[in-house]
2 protein chains.
Amino acid sequence: MTENLTLQMDDYLPLRDVVFNTLREAILKGELKPGERLMEMHLATKLGVSRTPIREAIRMLEHEGLAVTIPRKGAQVAKMTEKDLQDVLEVRDALDALAVVCACRRMTDAQFVELKEAMKAFEDATRTEDVRKIVETDEAFHDVIYASAENPKLVNIINSAREQMYRYRYEYVKNPSVYSQLIAEHKQIIEGFDRRDEEFLKGIMHVHLTNQINAVREVIREQK
Amino acid sequence: MTENLTLQMDDYLPLRDVVFNTLREAILKGELKPGERLMEMHLATKLGVSRTPIREAIRMLEHEGLAVTIPRKGAQVAKMTEKDLQDVLEVRDALDALAVVCACRRMTDAQFVELKEAMKAFEDATRTEDVRKIVETDEAFHDVIYASAENPKLVNIINSAREQMYRYRYEYVKNPSVYSQLIAEHKQIIEGFDRRDEEFLKGIMHVHLTNQINAVREVIREQK
DNA sequence: AACGATTAGATTGTATTTATTTTAATACAA
DNA sequence: TTGTATTAAAATAAATACAATCTAATCGTT
């Protein structure tokens, strides 16, 4: 019996996607800074591919809001003004409210368990002082909520809104004094889901989000 | 005095954008139907360009939600299921509510005049039986509202949500019996802005949107 | 006739080449 | 020194060429 027929090993990804993911990560982590030029030839040689997949990846970054292209001049990492941040937050606020209401109605027991676990993971991470891990577990916590909303279109849009500010948020999370507040808010969110209290949850999410505004705004202001 | 220094004639557009606009229009108007394959070579010869700008345009359509690519198999016009429609509407509902509240607070007098003019143009269009014109003037009416919200990020996201359902909505607008209702709703919207009544506006927009659901749902159901 | 292997053609993925445009560097004139 | 032309270099835009993969038709076998 020919066992282990687990072929179909779809580890294939078009180079454009590999490049896209690489550049996206680099931008979000701040390795590529806002305003920095994305020169095709340079990136191509650096990543060891031709310019074609680079160009396609740039088109994707562009529509993700992470890059801006000026025809015949090239692309650069998108800059955000304070106004941009304000605008994105306004949108995220509305979408988070929707997500949390949907999630409140649709969250399964298994997902609620998952959420509590994610909460725990985040709490643990804050004790490690590993910023990267803290950011990731925080995102994971919110991912559980978004997934529970059972609305992939919503998740897509929220994610693209998140991305636009996450590269500024890294700085925010570097400050350990905010951990306790974040943990407290996460706990309240759990409590809200436990009680299935939509209005309460909307309020908490709003606070949770707006708390980040000023910190991120600082970062943007500095880097001007 | 050298007058008429209106050079700067930026009538240049990269081919990728020309192709993108062309394909986008074709999809929204139903010339390219959901599920239809987007073969690079075919499109390239048809539009008289090489495959490079076609590929870039497809990447853009993809992130706009109008096309779906399967690696090594190619792209096709995105299909929408009833669930997808439901999901998009849920999002649009939330974003429209946000837009209308922002617009209510920020709309200038000039913009309010513009809105009333757009209303008039729509009313005129419904008498022409020219479906294309009707759709356009209806969109223009809503564009005024969205622009008044003074939040470009929000406008972007709403537009991409609109696009995803607009290609199904054409059918809805073909039915003249809905015109009077649409006109009535538009009038109420104007009234809402006149009174600056946020809650009223949110309600109207919600009704205005959900009225389209069933019609669009019909269309999707049929075409299966 | 039904099924599977083989192969030809079509299609996408990637790289390379060519053309156009912009940037900047240099030279010249005011 | 400043401003304008001119030229050279570098970058993007688009087209073409090549490679890898998939699809579907064909053929042979059962």
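Attention here is on the structure that accompanies the text. Small disclaimer: the values here were computed from a predicted structure and weren't measured.

What counts and what doesn't
- Residues numbered from 1 in each chain as written.
- Chains lettered and ligands numbered in written order.
- Predicted model: local features only at pLDDT ≥ 70, side-chain atom pairs only at ≥ 80, totals over all residues.
- Heavy atoms only, no water.
- Contact = heavy atoms within 4.5 Å.
- Buried area = accessible area lost by both parts, 1.4 Å probe.
- Salt bridge = Lys/Arg side-chain N within 4 Å of Asp/Glu carboxyl O.
- Helix = DSSP H or I, 4+ residues; strand = E, 2+ residues; numbered from the N terminus.
- Nonpolar A, V, L, I, M, F, W, Y, C, P; charged D, E, K, R; others polar.
- Buried < 20%, exposed > 50% of the residue type's maximum accessible area, 1.4 Å probe, protein only.
- Near = heavy atom within 4 Å.
- Polar contact = N/O pair within 3.5 Å; in protein donor to acceptor, adjacent residues only side chain to side chain.

### Overview of the interface of chain B and chain A
Next, step 1: Taken together, the 31 residues of chain B in the interface contact 32 residues of chain A.
Next, step 2: Interface area for chain B against chain A, summed over the two sides, is near 2800 Å², with a carbon-plus-sulfur share of 59%.
Next, step 3: At the boundary of chain B and chain A, one finds 6 salt bridges.
Next, step 4: Going through the elements one at a time, helix 3 (51–63), helix 4 (82–106) and helix 7 (152–173) of chain B are the ones with two or more residues in the side of chain B that touches chain A.
Next, step 5: For the side of chain B that touches chain A, the element with the highest residue contribution is helix 4 of chain B, accounting for 11 residues.
Next, step 6: For the side of chain B that touches chain A, the residue count by class is 14 nonpolar, 4 polar and 13 charged.

### Notes on unusual backbone geometry
Residues and elements named next belong to chain B.
Next, step 1: You will see that Glu 150, though not glycine, has its phi angle at about 55°, which is positive.
Next, step 2: Topologically, Glu 150 is positioned in the loop between helix 6 (131–148) and helix 7.
Next, step 3: Looking at Glu 150, the relative accessible area reads 40%, which means it is partly exposed.
Next, step 4: Look at Arg 196: it is not a glycine, yet its phi comes out positive at around 55°.
Next, step 5: Structurally, Arg 196 can be placed in the loop between helix 8 (179–195) and helix 9 (198–222).
Next, step 6: Its relative accessible area of 37% is what places Arg 196 among the partly exposed residues.

### Some thoughts on the protein's contact with DNA strand D
Next, step 1: Among the 21 residues in the neighbourhood of DNA strand D, the closest are listed as Arg72(A), Leu15(B), Ser50(B), Thr52(B) and Lys73(B).
Next, step 2: Protein-adjacent atoms of DNA strand D, using a 4 Å cutoff, are sugar or phosphate at a proportion of 74%.
Next, step 3: One nitrogen or oxygen atom from the main chain of Leu15(B) is found 2.6 Å from a phosphate oxygen belonging to DNA strand D.
Next, step 4: Counting only elements with at least two residues in the surface near DNA strand D, the list comes to helix 2 (40–47) and helix 3 (51–63) of chain A together with helix 1 (15–28) and helix 3 of chain B.
Next, step 5: No other element matches helix 3 of chain B, which puts 3 residues into the surface near DNA strand D.
Next, step 6: The residue makeup of the surface near DNA strand D, split by class, is 9 nonpolar, 3 polar and 9 charged.

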